[in-house]
Amino acid sequence: MKRTWEQVKLTEICSPKQWRTISMNNLKKSGYPVYGANGKIGFYNDYNHEQPTILITCRGATCGTINICEPFSYVTGNAMSLDNLNENRVNLKYLYYCLGNFGLQNIITGTAQPQITRQSLDYVSLPLPSLQEQKRIAAILDKADAIRRKRQQAIQLADEFLRSVFLDMFGDPVTNPKGWEVKSLGENLDFLTSGSRGWAKYYSNEGEKFLRIQNIGKNKLFKNDMAFVKPPNSAEAKRTKVKSGDILISITADLGRTAVVPDNFGTAYINQHLAIIRVKNLNSIYLSEYLASQGGQVQIQKLNRQGVKAGLNFDDIKSLKILIPPLDLQKKYEQIWLNRYKFKENYDQLTKKSGEIFNSLTQRAFRGEL
């Protein structure tokens, strides 16, 4: 931080306040936007903020997240609103980026229910250059943030495009308007197994990939939080080693996440929270997308029996009903999906790069180096 910059307490430049919370039952389908712990949650017939205001999530797992509400919004008590911002001293967007950069983790209390209180914000202090300098910094970070967000939106649009293509080609899996043959997954299974247990002792900084539930999405394979193992030479290792084209599905906790192991993925194994599905006379990409669709998820959630720990067993997986369109149509969808996958991989790299640039700019900005 530059020596000429002032260091001020957050509570000297604004008045943090928790407003009355609205019951979810009282939210409307339209009206003034309502902000809760994680941003916009609905609408209401009244507002308590005429101007954009910085909001700090003050309860729950996302405690400390920073948002800005729209003009004429209702902010509930699940977010701390930084009211009465002294605009003669601080720029709103500067403060938004500054809080995001320094973070609020050190003032979060509570383990079962993390929270940030009004009193804890008394301990937050921030660097405050001149108002002109704040606006300059905010403008630079706005541009970098816009690039990052546009790339994220492009990836989301690509996902939505694929969902639309799937529905157009195969119809709604719930209603089956195209009248495809329906079979149980068990009739098309070639191999089914769950992952290895007790492999913590094989964890390593390098070695073979070890796929866990966080690596699996909705027909997506995430490679950015990969664990590695030095596997034993055992029957269990041979059984839980994945192959190209395998469908992976989560079978505990967050049930029904799916992904397909791509070509040239290298050697990898799964842990006990995942299962490997190998199929015959079905295309893996089609099946994974089918299971990730609303129709597939509805079936999977019905198997999540109330009152017991969430889990899918082999009989559950075999019982899933699958629409069986012609194989050449499934392969046509696979080709579209693979083209999108290449696009997404390129954009993932660009998004990662723009995120790194944004973080670097942010850190330099608040060190006074921009």
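Figured I'd write up the structure that's included with this text. All values derive from a computational prediction rather than experimental measurement.

The rules behind the values
Residues numbered from 1 in each chain as written. Predicted model: local features only at pLDDT ≥ 70, side-chain atom pairs only at ≥ 80, totals over all residues. Heavy atoms only, no water. Buried < 20%, exposed > 50% of the residue type's maximum accessible area, 1.4 Å probe, protein only. Helix = DSSP H or I, 4+ residues; strand = E, 2+ residues; numbered from the N terminus. Pairing = 2+ DSSP bridges. Phe/Tyr/Trp six-rings, centres within 6.5 Å; stacked < 30°, edge-to-face > 60°. Lys NZ or Arg CZ within 6 Å of the ring centre and 35° of its normal. Axes fitted to C-alpha atoms, helices over the stretch in contact; angles between N-to-C directions. Contact = heavy atoms within 4.5 Å. Nonpolar A, V, L, I, M, F, W, Y, C, P; charged D, E, K, R; others polar.

**What to know about the pairing of strand 15 (residues 247-250)**
Move 1: Across the two faces of strand 15 the burial is the same, with I247 and I249 and L248 and S250 all buried.
Move 2: Both strand 15 and strand 16 (residues 258-260) contribute to a ladder of three bridges, which runs antiparallel. If you follow I249 over to strand 16, its bridge partner there is T258.
Move 3: Pairing between strand 15 and strand 18 (residues 274-279): four bridges, direction antiparallel. Within strand 18, the position partnered with S250 by the bridge is L274.

**Details of the packing of aromatic side chains**
For any pair of aromatic rings, the description rests on two quantities: the centre-to-centre distance and the angle between the ring planes.
Move 1: Using the criterion set out here, one finds 18 aromatic pairs in the structure.
Move 2: Seen from their ring centres, Y32 and Y47 are 4.9 Å apart, and the 65° between their planes marks the pair as edge-to-face. With Y32 in strand 3 (residues 32-36) and Y47 in the loop between strand 4 (39-44) and strand 5 (54-57), the pair connects residues that are 15 residues apart, well separated along the chain.
Move 3: When its relative accessible area of 32% is taken as the criterion, Y32 is described as partly exposed.
Move 4: An aromatic cluster is defined as three or more aromatic residues linked by ring pairs; in this entry it consists of F166, F170, Y286, Y290 and Y333.
Move 5: Above the plane of the ring of W19 lies K17, whose end atom (NZ or CZ) is 3.8 Å from the centre.

**Structural notes on the environment of N26**
Move 1: Tracing the backbone shows N26 in the loop between strand 2 (15-17) and strand 3.
Move 2: In this structure, the C-alpha to C-alpha distance between N26 and F170, residues 144 residues apart in sequence, is 38 Å.

**Thoughts on the sheet that holds strand 15**
Move 1: Reading across from one edge, 11-18-15-16 is the order of the four strands in this open sheet, with antiparallel pairing throughout. Either end of the sheet is taken by a strand with one partner, and the two such strands are strand 11 (189-194) and strand 16. In this sheet, neighbouring strand axes are inclined to one another by 20° on average, regardless of whether the strands run parallel or antiparallel.
Move 2: Here helix 5 (residues 284-292) sits on the sheet and contacts strand 15, strand 16 and strand 18; the angle it forms with strand 16, its principal contact strand, is near 165°.

**Points about the pairing of strand 4**
Move 1: Bridge analysis of strand 3 against strand 4 gives five bridges, and the strand direction is antiparallel. Its bridge partner lying in strand 4, G36 is registered against G39.
Move 2: Hairpin geometry of strand 3 and strand 4 is characterised by an intervening segment of two residues between the two adjacent antiparallel strands.

**Section: the environment of Y94**
Move 1: Within the secondary structure, Y94 is located in helix 2 (residues 92-102).
Move 2: Note on Y94: relative accessible area 1%, which makes it buried.
Move 3: On a C-alpha basis, the gap between Y94 and K2 in space is 16 Å, while along the polypeptide they are 92 residues apart.
Move 4: When sequence neighbours within four positions are dropped, the list of residues in contact with Y94 reads W5, P127, L128, P129, Q134, I137, A138 and F366.

**Quick notes on the sheet that holds strand 4**
Move 1: Pairing is mixed in the open sheet, where three strands are placed in the order 4-3-7. In this open sheet, the two strands that pair with only one neighbour each are strand 4 and strand 7 (74-75).

**Observations regarding unusual backbone geometry**
Move 1: Of note in this structure, N84 is not a glycine but carries a positive phi near 50°.
Move 2: Looking at the secondary structure, you find N84 in the loop between strand 8 (79-83) and helix 2.
Move 3: Note on N84: relative accessible area 63%, which makes it exposed.
Move 4: One non-glycine residue, N264, lies in positive phi territory at about 60°.
Move 5: For N264, a relative accessible area of 81% gives the class exposed.

**Some thoughts on the packing of helix 5 against helix 6 (residues 294-302)**
Move 1: Their axes nearest at 4 Å, the elements helix 5 and helix 6 cross at an angle of 65°. For the pair helix 5 and helix 6, the contacting residues are Y290, L291 and A292 in the first and Q294, G296, Q297, Q299 and I300 in the second.
Move 2: Taken together, the residues that form the contact of helix 5 with helix 6 break down as four nonpolar, four polar and no charged.

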